[in-house]
Amino acid sequence: MFKKILVANRGEIACRVMRTAKKMGIATVAVYSDADARAPHVLMADESVRLGPPPAGESYLLADLILLAAKETGADCIHPGYGFLSERESFARACADAGIAFVGPPPKAIAAMGDKIESKKLAKAAGVNVVPGFLGEIADTDEAVKIATDIGYPVMMKASAGGGGKGMRLAYSEQDVREGFEATKREGLASFGDDRVFIEKFIESPRHIEIQVMGDQHGTIVYLGERECSIQRRHQKVVEEAPSPFVTPKMRKAMGEQAVALARAVGYFSAGTVELIVSGADTTGEGFYFLEMNTRLQVEHPVTEAVTGLDLVELMIRVAYGEALPFSQDDVTLKGWAIENRVYAEDPYRGFLPSTGRLVRYQPPESVGTPYTSLSPSPSGEGLGWGRAADSTDVALGETAPTPYPSPEGEGQEEEGAFLSSPEGEGQEGEGEAYVRVDDGVREGGEVSIFYDPMIAKLITWAPTREEAIDEQIAALDAFEITGPGNNIDFLSALMQHPRFRSGNITTGFIAEEYPDGFHGAPASPELIRDLSAIAAFAATAEADRARRIDGQLGKRLRPPAQWSVRIGEATHVVHISTDGVTVDGEDLDIGLEYTPGDRMVHAEIDDADLSVKIVRTRGGFRLTTRGASHDARVLPAHVAPYAQHLIDKVPPDLSKFLLCPMPGLLMRLDVGVGDKVEAGQPLAVVEAMKMENILRAEKAGTVKAVNARTGDSLAVDAIILEME
């Protein structure tokens, strides 16, 4: 086995690879930029090597420096993680030339799948479904009708040079083609000077589903089930789950066999993912089509690990060493349900603008590692057993690895038992206790940098059923504490609670369809508002009780108020707190909780249901955050509350005349100066953050009165860039 592995990556994936390497007894080497000098992946590694300044182009993307680091530290293999150099054929080839094993597929497979056009040709030649279409020149309407009929309705007619939604028509029948073909040609000619039209199959209710494959260097390739990745925002995956609520056993088999055929056609080994676009409107199970193949480990691999019990990173390492997979396709089974949410440093309340800064508070929920299945006893009796030949091992499903992998700090992990698979096609339910897994590469006090991907952590839950796995996500998100950069925890919780998501009726357009006006917090039921009112009143009682115990007060010590008026939004509840219990509006509430002034989290049990609430003291009460939204509770003694109506509401200042920086970033360009007249929607400035340029536009017409920033300035959130009049 390899003696030392260099992980050519950073953050959570570097930590993830190192956990498995340490479990296997392999020494680890980290590489880092100046921004990551004290990052968890550097502290976790046995050795570390500096690459250069923070920008990836001057550090993590420098293949020569990474190879030099491997040589100088004596690493005999390199795991690229995902992103950066993971899908660069030149890097895989350079590793081979240097005599260092690349923990991934062969260079020729990376090259074959890296070209999107060529990969579709290879997929079609391998018998993989591709989106039916005709890219040649279409002479007239009659030929267009024939082509559309051969493809199968519905079809999309597109102007060859089209874009921006122009020159596109959807046809559900021959009549639609006859009515729309010539019009599409005219639009193409008028808008783009080109009247050529091509026709392709229109995928209705599209879902993004991918197949995980794993192969060895001895010719064995298997598929490890599918992952549903349809919940996306701007083509960025947000939620992943395994298995898919849409895929049947028959469909899974067909998709898996085609994925294996494609992998075999390009001589693939190691972990890879074949991504498919699937028609949610096609109930036959045959409406799936090749998109692309990712020749690396995917971000969402933990959900596959959870339902199969397989450590994909260990499989990759052993395959790279030349060992054969010790199981066949028949041994791969799925059990239970796993869901992964990506926790990002972004503000969903402000259009998901990226956020950066120090993690003042970072406390993920209690978690364990995935209990991996031991496929066969090794000669030493520890870990996974492997063989050099594909037929030289006896598969013994049912044994578990000695311990799950530890957290980055190596603490707080406990064995939760084995999760064995049921035969494929016997439903997706499994036995065993639900668990939470957190994959991260940050720690409290660390920085979310502007130079890299804004993902903070991956939150994974496993449970016997999909509904239970979703509920575990909601509870874990409630208990996830992040202070500092903005984060999308509320949004993720709202997704998990959404009736459409829970039904499984999802498409890639889910977020755009369900949140067309942006995200404003998950709606709260009257019961939740009632429960939060009780928690706020209980906390107010505890605060008042502490206040009355301060030494040196004049007169007798006062008793804390027993009755409170709690207002949350438009709802007002009267809560009575006594040694006999809690009543809300005169009705008893079965509630158990503890709160000490200064606590940041309250764990309550209400009517036999658990509820975790983040709590912050405010001027007039508390801010309570749970179930995907924050709620400001005004808490007053019941005898004082009637006078609150006489208070004058504070009017917020008018900031519409200012152009404010919406996120921390670098002012790349300023398009106007003092005295310039601007119109609504006109670009005023460009701010770069998280490797993305954001154009800031005028909200209304006016004249520039003052400019407060210069090109090249590093701006904080809400910094004034310019003032209008």
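Above this text you will find the structure in question.
Source: prediction; values computed, not measured.

Caption draft 1: Layout of the environment of arginine 19. Tracing the backbone through its elements, the reader meets arginine 19 in helix 1 (residues 11–23). Sequence-wise, arginine 19 and aspartate 551 are 532 residues apart; in three dimensions their C-alpha atoms are separated by 52 Å.

Caption draft 2: Focus on a negative patch on the surface. A cluster of like negative charges, contributed by Glu137, Asp140, Glu182 and Asp195, occupies part of the molecular surface. Structurally, glutamate 182 can be placed in helix 8 (residues 174–192).

Caption draft 3: Expanded view of the sheet that holds strand 15 (residues 337–344). Strand order in the open sheet made by the 8 strands is 14-13-10-11-12-15-24-22, with antiparallel pairing throughout. One side of each edge strand has no neighbouring strand; the edge strands of this open sheet are strand 14 (288–294) and strand 22 (435–440). The mean angle between the axes of side-by-side strands here comes to 25°, regardless of whether they run parallel or antiparallel. Contacting strand 11 (221–233), strand 12 (236–242) and strand 15, helix 13 (residues 489–497) crosses the sheet at an angle of about 150° to strand 15.

Caption draft 4: Just the packing of aromatic side chains, in detail. Overall, the coordinates contain 12 aromatic pairs when judged by the stated rule. Ring geometry for tyrosine 435 versus tryptophan 462: centroids 6.0 Å apart, planes at 15°, classification stacked. Note that tyrosine 435 is positioned in strand 22 and tryptophan 462 in strand 24 (residues 455–463), a separation of 27 residues in sequence. Judged on exposure class, the residue tyrosine 435 and its partner tryptophan 462 are both buried. Relative to phenylalanine 519, the ring of tyrosine 515 lies with its centre 6.0 Å away and its plane at 65°, an arrangement referred to as edge-to-face. Like phenylalanine 519, tyrosine 515 is buried. An aromatic cluster is built from Tyr349, Phe352, Phe491, Tyr515 and Phe519, whose rings are joined through pairwise contacts.

Caption draft 5: Highlighting the environment of glutamate 292. Mapped onto the elements of the fold, glutamate 292 is located in strand 14. Note: C-alpha distance between glutamate 292 and glycine 114 (178 residues apart in sequence) is 8.5 Å.

Procedures and definitions
- Residues numbered from 1 in each chain as written.
- Predicted model: local features only at pLDDT ≥ 70, side-chain atom pairs only at ≥ 80, totals over all residues.
- Heavy atoms only, no water.
- Helix = DSSP H or I, 4+ residues; strand = E, 2+ residues; numbered from the N terminus.
- Patch = residues over 30% accessible without salt bridge, like charges linked within 9 Å, V, L, I, M, F, W, Y side chains within 5 Å.
- Areas by Shrake-Rupley, 256 points an atom, 1.4 Å probe, with all protein chains shown as cover.
- Salt bridge = Lys/Arg side-chain N within 4 Å of Asp/Glu carboxyl O.
- Lys, Arg positive; Asp, Glu negative; His and termini not counted.
- Charge placed at Lys NZ, Arg CZ, Asp CG, Glu CD.
- Pairing = 2+ DSSP bridges.
- Axes fitted to C-alpha atoms, helices over the stretch in contact; angles between N-to-C directions.
- Contact = heavy atoms within 4.5 Å.
- Phe/Tyr/Trp six-rings, centres within 6.5 Å; stacked < 30°, edge-to-face > 60°.
- Buried < 20%, exposed > 50% of the residue type's maximum accessible area, 1.4 Å probe, protein only.

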